[in-house]
Amino acid sequence: MRRLIAAVTFTFAALFACADSPASQTAPASYFDNTGRDDVLSGGQKSIVIDTPKGKFKVWTKRVGNNPTIKVLLLHGGPGATHEYFEAFDSYFPGAGIEYYYYDQLGSAFSDKPTDESLWEIPRFVDEVEQVRRALHLDKDNFYLLGHSWGGVLAIEYALKYPQHLKGLIISNMVDSIPAYNEYANKVLMPAMDQKKLAQVKRMEAEKKTADPAYMALLMPMHYEQHMLRMPADQWPEPVERAFGHINEQIYVSMQGPSELGASGKLLHWDRSKDLKNIRVPTLVIGARYDTMDPRYMEAMAKKMPDARFLLCPRGAHMAMYDDQTTYFTGLIGFLKDVDAGKPLR
């Protein structure tokens, strides 16, 4: 109950705060018009039945607002995290009149949670996104896909397979190569850490003690508070705490591996660095100075694509939508409005 009350309090505070945001403006009355919608009874929520090689399952989505030309589907990170940490978007998107969709990928939060590990594969997740797109009636005239972290991997893969359905793409805090991600962790992030504490972390990982509270006690101040979300952990926003508390560990460990200091699971060899040039839809790449991934690498990613823009969050880390919020949302909303208006991105 405490978490529920806190979540409601945060949401209302966020909605009132949007009026003061530099990125916000007054949404038209049509933004709140639910005429003809089939999700009115459930407040915008819709469970979507998807087909998988292991049968049918339900995934959870929730729509906010109406905009016939800008509809953003949010792909959360993890893998195996939840839509919940995207609740910061409530402070900015409604005021800008942007329609957006929360979505828990299969295995996450409000969606079904099968345990067959064969389901945790990139192609299967891409197919799931396509089924969700069709069920939500999104198309090339309005469909923007925003992927954060692992969601960025999924967004890149979707854009390469289904470019004909996209109006725009946002790759948030994600590189196009896991080997490059691991190299940055090994050559830049870890050498800057307290080496004695890092040795303890590595020893606990080797001994498979990552579930030990002492493991996170070591990592929190020297990694999470520096490169994940640059606030003291006891001040992290409640939606972030909630999302972290609801991570599906089976999916996370299977795909990412047990450590945030690089990847070691099924994603280990994922690399689309040579294919990014084939993404021709308007694209925004968002990086942050203190991210777990190299911001200069992310800037170079935008240059690979023929119609792309880079946004740097100079005070932000991996969760830049929180620790450099104004920069993040001003740039994101500006991108959506520019693409909608047909303006050049460079």
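Going by the structure above, here's the rest.
As the structure is a computational prediction, the values presented were derived from the model and not from experiment. (Residues numbered from 1 in each chain as written. Predicted model: local features only at pLDDT ≥ 70, side-chain atom pairs only at ≥ 80, totals over all residues. Heavy atoms only, no water.)

**Here's the deal with the nonpolar core**
- Ranked by size, the top nonpolar core spans 56 residues in total, and within it Val72, Phe89, Phe93, Tyr328, Leu332 and Leu336 carry the most contacts.
- Not counting chain neighbours up to four residues away, the residues in contact with leucine 332 comprise Phe89, Phe93, Leu146, Ile170, Leu284 and Leu311.
- In this structure, Leu106, Leu154, Met255 and Val285 belong to the second largest nonpolar core, which totals 50 residues. (Core = buried A, V, L, I, M, F, W, Y, C linked by side-chain atoms within 4.5 Å. Buried < 20%, exposed > 50% of the residue type's maximum accessible area, 1.4 Å probe, protein only. Contact = heavy atoms within 4.5 Å.)

**Examining the environment of methionine 220**
- Topologically, methionine 220 is positioned in helix 6 (residues 213-228).
- Excluding residues that lie within four positions of it along the chain, methionine 220 makes contacts with Glu225, Ala233 and Trp236. (Helix = DSSP H or I, 4+ residues; strand = E, 2+ residues; numbered from the N terminus.)

**Observations concerning the layout of surface pockets**
- Here the largest pocket is characterised by a volume of approximately 710 Å³.
- Taken together, 37 residues make up the lining of the largest pocket; nearest its centre are Tyr224, Phe244, Ile247, Tyr252 and Glu260.
- Secondary structure elements with two or more residues in the lining of the largest pocket: helix 3 (150-161), helix 4 (178-189), helix 6, helix 7 (238-245) and helix 8 (249-255).
- Of the residues forming the lining of the largest pocket, the biggest block, 7 residues, is contributed by helix 6.
- Each residue belonging to the lining of the largest pocket can be placed in one class, and the counts come to 25 nonpolar, 9 polar and 3 charged. (1 Å grid on protein atoms, 1.4 Å probe; cavity = no way out; pocket = protein on both sides within 12 Å on 5 of 7 lines; lining within 4 Å. Points joined across faces, edges and corners; volume = space filled by probe spheres on them. Nonpolar A, V, L, I, M, F, W, Y, C, P; charged D, E, K, R; others polar.)

All we've got here are geometric facts, nothing functional implied.
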